[in-house]
Structures are given as C-alpha cells and as structure tokens.
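# Tertiary structure, described
In case you want the letters, here they are:
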Amino acid sequence: MREQWRTCAAIAGNSLRLERRAGEALLVVAPFGAVALLLIPMAVGTDVPLLRRLGPGMYWTVLLLFGVLVILRQSSLQSPAQARLLALAGVPGAIAMLGNAVATAVLLVAFGAVLAPVVIMLYDPGMQGWPWFLTVLPGVAIGLALLGVVADSLVRWLDARSTLGPLLIVPLAIPLLLGATQSWQAAAFGASPLPWLLLIVTVDLILFLAVLLAGHLLDVVT
Amino acid sequence: MIDFAGVGVHVHRTPVLRALDLTLESGEVTGIIGANGSGKTTLLQLAATLHRPVAGAARVLGADLSSAVPAHLRRSICLVGHEAALYPHLTLRENLRFVAAVLGQTQQSADTALDTVGLGRAADRRVRQCSQGMVRRADLARALIAPPKLLLLDEPHAGLDSSAGDLVDFLVDEVRSRGGAAVIVSHDRARLDLVVDRVLELVDGQLVPVRSLR
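Residues numbered from 1 in each chain as written. Chains lettered and ligands numbered in written order. Predicted model: local features only at pLDDT ≥ 70, side-chain atom pairs only at ≥ 80, totals over all residues. Heavy atoms only, no water.

### Overview of the domain arrangement of chain B
Many analyses report the size of an interface as the accessible area lost when the parts associate. All names here are of chain B. Partitioning chain B into structural domains gives domain 1 (1-68 + 149-161 + 181-214) and domain 2 (77-147). When each unit is reduced to the centre of its C-alpha atoms, the spacing between domain 1 and domain 2 is 24 Å. Each partner contributes residues to the interface: domain 1 has 21 residues there, and domain 2 has 13 residues. When the two sides are added together, the surface that domain 1 and domain 2 hide from each other amounts to roughly 1,200 Å², 64% of it contributed by carbon and sulfur. When the buried area of domain 1 at its contact with domain 2 is split by residue, Leu152, Asp154 and Leu160 rank highest and sum to 32% of it. Applying the counting rule to domain 1 against domain 2 returns 0 salt bridges. The tally of links from domain 1 across to domain 2 stands at 6 residue pairs in polar contact (both at pLDDT 80 or more). Among the elements of the structure, α1 (40-47) and β7 (150-154) are those that each provide at least two residues to the side of domain 1 that touches domain 2. (Domains from an automatic or database assignment. Contact = heavy atoms within 4.5 Å. Buried area = accessible area lost by both parts, 1.4 Å probe. Salt bridge = Lys/Arg side-chain N within 4 Å of Asp/Glu carboxyl O. Polar contact = N/O pair within 3.5 Å; in protein donor to acceptor, adjacent residues only side chain to side chain. Helix = DSSP H or I, 4+ residues; strand = E, 2+ residues; numbered from the N terminus.)

So, in structure tokens, the structure goes:
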C-alpha cells in the first residue's frame, strides 16, 4: 500500500513538473480567467452594489468554466505511449487517476488564488467570513480534480473528447458550485457556511469513490 | 514466455490478427517482419498484454490474456514502441527517474541506465532539445532500469546510427543471458538476422516462417 501511495506521489510530482515547464494552466488559463472577470464589470457598468452581489458567483463560475481547461489538460499531456508505460509498470488505474487528481487540485487552488485578488479588486465583495474561503477553495478544487479524472477516463479514447469532457464535467460540478457560492452567501449574512462545506466534502467523498470504481473498471477492461 | 494458439485480435472492431500461432521459449529471440499495416505493432501490443484476444488462447508469462493480467507480471515486460514514451518538456534524467519511480526502482538505476546508453553527459537536456537518435537511446534505456523477462522492440533500429544499433543487440543479449526472451519487429532484415534466432513474417494476420539470410 505504501508503494502505491509513493507511485501516486511520483505521478502527481511528474504532472506538476510538466505543468511548471509547459506553463499552460497558470500562464495561459489564469490570465484568461482574470480577463473574463474584467469583462463582466465592463458589460454591467459601474453599478457597485450589483457588482458586489455578483462577485462571489462570478468568481466560482469562472473558476469552474476555466478550470475545465486545467482539468482536461491531462489528456493532452499524456500520449498513448506514456499511458502504456504506466499500464506496463503495473500502476493500478485508480492510483494513476489519483496522482493526476492531486496535481490538478494543486493547480486549481493556485488558479483560485490568482483569481481571488482580481475579484476583490473589481467587485469589492463582502469579506465577512473570509477564513471559510480557505477551506471551501481546496474542497472545490479537490472535487473538480476528481470529477476531471473520472470524466477524462470516460472520454479519453473518444475522438470528441475535447467537447465531451466539459459536457460531462460542468453539469456534475453544479453541487460544488452551489456549495461554494452558498457558503460565501451564508458567511456574508452571518449564517454558518458549515452545511454548505459539508455538501462539498460529501461530493468530494462520492467522487473519490467514483475514482476508485473507474480505476478498477479500467484495470479489468485493459 | 509466449504461447498464442489460434489468436484473433480486433482493433477498433477491425480484425487485425487472425488464427495466429506463436510460441516463444525462454532465451529465444524472434524477429517479425511484414508489410506496413500487417499488424506487427498489434502483435507486440498483444504480447505486452495490452490487447484482449477475441478468439483463440493467449498466454504471456503464464498469464491468460482473456482475463485481467496481474500487475507484477506486467512489470516483467518492457515494450519500446516506435513512439518514445518520454515527456518532451522533461529532461532525459527526469523522464528516466520517473520511470524508475513507477517501477519501484532507485533514482540511481535511472542514472546508470543513461550512462550505459551513452547519454550520461546529455542527461539534463530536455527531450525536445534532443536528436531523434538520442530520444531513441533514452527510450531503450528504460529496459535497463528494471531488466525485463520479455523485451518487445518495435522498429528499434529506426533513427539509430550503426554504433547505436549495437545498443539494441546489447539489450537483447542482456535479456537472453538472463533467460528472458525478446520479440523484435523491424524492416532492417540485415540487422535483424544478426540478433534473432528465427524470423517470421506477418501475412494476412498470420505468422509464416522466413528463411534466414545468414
């Protein structure tokens, strides 16, 4: 078991090293997301109360939609030859998927951290209960990353994977989006965001089990 | 090592191998030739347990390919395809160390493998900055990290000069000396005949013996 976790860490480390070299997620997608956050106030106008209300929702929506690009980058980073290498190394499907999910979750947290100052600067949202954000962001990132590797495993071998991936991820990410926006709203109105955080954790656990199941099915099929 | 009897394999629902028979004993090295699209790569991938037969009986290292193959058996197989399994953004050393990590080997084994194939001085160069021959050597070096029982090489001489071609012979001799076996797919009949015990030709999804050039 310890060896499998070591393999998982090696795959995550390799994926992050590739991202550091390619710079696709943070150098390309993050500025793109920041521009999207900039465009909305330009479209809405300088209606400060409206922007203040829209801010948290826009932040999480941009994180989800642009995060899909980060999530699905795994497909483009790994060639069939590299996938065969992992299969022949006897790496269980679930371990390979979890390794990739760890790397993606780290990137999504970084992506969220880059977007946060932009949304604060442009939308001036209420900062009540901001410490909750420090737990909600990793929770959402883990959920999206797990969802991404499951979707990727389902569509990887299909010609239309670049369009089918987002189609699978976005609807299934709605509970995470709901949990994230509502926890912010709850904190803003002085209520406890804990129930919404529990929703995110529950979704994460379900997706973790889905990764184990998908990995097992991959091992049986291949 | 390999025991295929009447094996049929489909790729994307297209029949590629039909009623194919192949037996490979320990210490044996077999060369495969055939026209483009005859199914040579599919045959190697079947031997690497990456395909399931739709007909016949197929066993590799004692494992029945009609069911899931145990992970420890797969670790005894090394497939070096014509597409290198290296990440272009990483250095040769980082690539080989990653392979060592997933195979449960030490980082030192990766560095030693690079030295053995003559890439010790270029180890910190990124794959995308390397020549095709260097990438090919580094890909072959994977077989030295955890010496396999079954070595499967797809067009190993392509993109290599004659001195680097000797590396292929060295790898095959290493496997053979440890009681392993190898299957080599190549268009280079002259080089192939120097290293293999027999040559088979893949014709219409079936293997037929070919007279040696020696």
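So, next bit.
### Description of unusual backbone geometry
With phi around 50 degrees, Asp124(A) is a residue other than glycine that occupies positive phi space. Along the chain, Asp124(A) turns up in the loop between α6 (93-123) and α7 (130-155).

### Focus on the sheet that holds strand β6 (residues 77-80) of chain B
Residue and element names in this part refer to chain B. Pairing within the open sheet is mixed, and its 6 strands lie in the order β6-β7-β8-β3-β9-β10. Every other strand in the sheet has two partners, leaving β6 and β10 (206-210) as the edge strands with one partner each. Shown here is a sheet whose adjacent strand axes are inclined to one another by a mean of 20 degrees, direction ignored. In this structure, β6 lies alongside β7, joined through 4 bridges in parallel fashion. Paired with Val80 across the strands is Leu153, a residue of β7. Where helix α6 (residues 162-177) meets the sheet, it contacts β3 (29-34), β7 and β8 (181-185), and its direction lies at approximately 160 degrees from that of β7. (Pairing = 2+ DSSP bridges. Axes fitted to C-alpha atoms, helices over the stretch in contact; angles between N-to-C directions.)

### Structural notes on the side chain of Glu28(B)
In this fold, Glu28(B) is placed in the loop between β2 (14-24) and β3. When near neighbours in sequence (up to four residues on either side) are disregarded, Glu28(B) contacts Thr23(B), Gly180(B), Ala181(B), Ala182(B), Asp197(B) and Arg198(B).

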